[in-house]
Amino acid sequence: SAVVLNWNKKFEDIPKYSARNQDGSSSCVGQGTAKALEIVTGIVQSAHPQYRRRANYPYPGMYLQDAMDLLKNQGTTTETLDQSQNMSETEMNRDITVITPNKIAAYVRISPIDIDAMATAIELYKQCPITIVSNMAEWNVLKPVVGLAVPTFGHCVCATGYFKDENGVKCIVIEDS
């Protein structure tokens, strides 16, 4: 059956979840995917295990597919057992000392420019980790317009809702940055 999207939701009616703070680390992908798992399980998950196991360790950052594969195959643990919030890059690169049994069964990749596909994922699963490729001019405006200049950085966030603004423009809600 088709998923019905309710773009007329009010922003204030969209559920709120715990804030993620990557501090001075480049662990945004780990944080975004840990938040997605948190939304599914209802338990705050750690970003540390998947970030430390990334394919490009010890270099900063990681790809979203790498994080999802790690969550599927090796898992993570709770934030209580393995802190990942407000950690520096050096702290996020520490060894993993706890078991990581919290896994996902599968994941789906969607078109990165299809806002309806993102909203559908949110409707079905209550979340959707997304990557944003931007430049500082785009990122620092109130309502960014994608494609203004050559991208200078990538970032990952977990989308948690969708609605139309006062002008009827479709919007995706993210709680962290």
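Residues numbered from 1 in each chain as written. Predicted model: local features only at pLDDT ≥ 70, side-chain atom pairs only at ≥ 80, totals over all residues. Heavy atoms only, no water.

(A) Fine view of helix 1 (residues 28–41). Its 14 residues give helix 1 an end-to-end C-alpha distance of 20 Å, which sits within 8% of 20 Å, the value for a rise of 1.5 Å per residue. For helix 1, every residue scored as buried is listed here: Cys28, Val29, Gly30, Gln31, Gly32, Thr33, Ala34, Lys35, Ala36, Leu37, Glu38 and Ile39. Each element contacted by the buried residues of helix 1 is listed here: helix 2 (48–52), helix 3 (64–73), helix 4 (89–92), helix 5 (115–125), strand 1 (128–134) and strand 2 (153–164). (Helix = DSSP H or I, 4+ residues; strand = E, 2+ residues; numbered from the N terminus. Expected span 1.5 Å × (residues − 1). Buried < 20%, exposed > 50% of the residue type's maximum accessible area, 1.4 Å probe, protein only. Contact = heavy atoms within 4.5 Å.)

(B) Inspection of the nonpolar core at higher detail. Listed in full, the eleven residues of the largest apolar core are Cys28, Val29, Ala34, Ala47, Tyr51, Met62, Ala67, Leu70, Met87, Met92 and Cys156. Broken down by secondary-structure element, the contributors of at least two residues to this core are helix 1 and helix 3. Ranked by residues supplied to this core, first place goes to helix 1 with three residues. Apart from the residues within four sequence positions on either side, Val29 is in contact with Met62, Tyr63, Leu64, Ala67 and Cys156. (Core = buried A, V, L, I, M, F, W, Y, C linked by side-chain atoms within 4.5 Å.)

(C) Summary view of helix 5. Taken together, the buried positions of helix 5 are occupied by Ala117, Met118, Ala119, Ala121 and Ile122. For helix 5, the N-terminal cap is Asp114; the gap from its side-chain oxygen to the backbone nitrogen of Asp116 is 3.1 Å. Count one or two residues on from helix 5 and you reach Lys126, which has phi positive near 70°. (Polar contact = N/O pair within 3.5 Å; in protein donor to acceptor, adjacent residues only side chain to side chain.)

(D) Fine view of the state of the cysteines. Scanning the entire structure with this criterion turns up zero disulfides. Cys128 takes part in no disulfide bond, and the closest cysteine sulfur, belonging to Cys158, lies 7.5 Å away. Taking the relative accessible area as the measure of exposure, Cys128 reaches 7% and is therefore buried. Just so you know, Cys156 is unpaired, no disulfide at all, and the nearest cysteine sulfur is the one on Cys28, 5.7 Å from it. Residue Cys156 is classed as buried on the basis of its relative accessible area, which comes to 4%. (Disulfide = S-S within 2.5 Å.)

(E) Region of interest: the packing of helix 1 against helix 3. One way to put it is that helix 1 packs onto helix 3 with a least axis distance of 9 Å and a crossing angle of 45°. It follows from the interaxial angle that helix 1 and helix 3 lie oblique. The interaxial crossing formed by helix 1 with helix 3 has right-handed handedness. Contact residues: Val29, Thr33 and Leu37 in helix 1; Leu64, Ala67, Met68 and Leu71 in helix 3. The residue makeup of the contact of helix 1 with helix 3, split by class, is six nonpolar, one polar and no charged. (Axes fitted to C-alpha atoms, helices over the stretch in contact; angles between N-to-C directions. Parallel < 35°, antiparallel > 145°, perpendicular 65-115°, else oblique. Left-handed = near helix turned anticlockwise from the far one by under 90°. Nonpolar A, V, L, I, M, F, W, Y, C, P; charged D, E, K, R; others polar.)

Everything listed here is a matter of geometry and, on its own, says nothing about what the molecule does.
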